[in-house]
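# Breakdown of the fold
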Amino acid sequence: YPLIAGVLLGSVSAYGFARTLASLLYGVSPADAGSLGIGVLAIVAVALAASYFPARRASRIDPLVALRHE
């Protein structure tokens, strides 16, 4: 849920600050849906990779061994 909330809040903020950012953009309109979509997809991909690989590694450990270690 934090990923979804972050993407929604970031998208709304980016759209809201579009007029401020318009002077920094060259050849792209501030409300370009394609650019915003690519940015959102990149962030989602990084967040999924950051959670998938540690979860996969943790799932290989026997729970009984992990509990004994503590």
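Above this text is the structure in question.
Let me begin by describing the structure that accompanies this report. Predicted model only: the values in this text are computed from it and were never measured.

Basis of the calculations
Residues numbered from 1 in each chain as written. Predicted model: local features only at pLDDT ≥ 70, side-chain atom pairs only at ≥ 80, totals over all residues. Heavy atoms only, no water. Helix = DSSP H or I, 4+ residues; strand = E, 2+ residues; numbered from the N terminus. Buried < 20%, exposed > 50% of the residue type's maximum accessible area, 1.4 Å probe, protein only. Areas by Shrake-Rupley, 256 points an atom, 1.4 Å probe, with all protein chains shown as cover. Phe/Tyr/Trp six-rings, centres within 6.5 Å; stacked < 30°, edge-to-face > 60°. Axes fitted to C-alpha atoms, helices over the stretch in contact; angles between N-to-C directions. Parallel < 35°, antiparallel > 145°, perpendicular 65-115°, else oblique. Left-handed = near helix turned anticlockwise from the far one by under 90°. Contact = heavy atoms within 4.5 Å. Nonpolar A, V, L, I, M, F, W, Y, C, P; charged D, E, K, R; others polar.

### Section: the overall build of the chain
Across its full length, the chain holds four helices and zero strands. Listing the helices and strands of the chain from first to last along the sequence gives α-α-α-α. Taking all 70 residues of the chain together, 4% fall into the buried category. When the accessible area of the chain is evaluated, it comes to approximately 6100 Å², of which 71% is carbon and sulfur surface.

### Quick word on the packing of aromatic side chains
A complete count under the given rule lists one aromatic pair for this structure. Taken together, a centroid distance of 5.2 Å and an interplanar angle of 70 degrees make the contact between Y52 and F53 edge-to-face.

### Regarding the packing of helix α1 (residues 2-16) against helix α3 (residues 33-59)
Put simply, α1 and α3 touch, their axes get as near as 11 Å, and they point 155 degrees apart. The pairing of α1 with α3 is recorded here as roughly antiparallel in orientation. Remark: the crossing between α1 and α3 carries right-handed chirality. Of the residues in α3, those touching α1 at L3, V7, S11 and A14 are L36, V40, V44 and A47. The class makeup of the residues in the contact of α1 with α3 is seven nonpolar, one polar and no charged.

### Quick word on the environment of A33
One can find A33 in helix α3. According to the relative accessible area criterion, A33 is exposed, its value standing at 61%. The sequence separation of A33 and A50 amounts to 17 residues, and the corresponding C-alpha distance is 26 Å.

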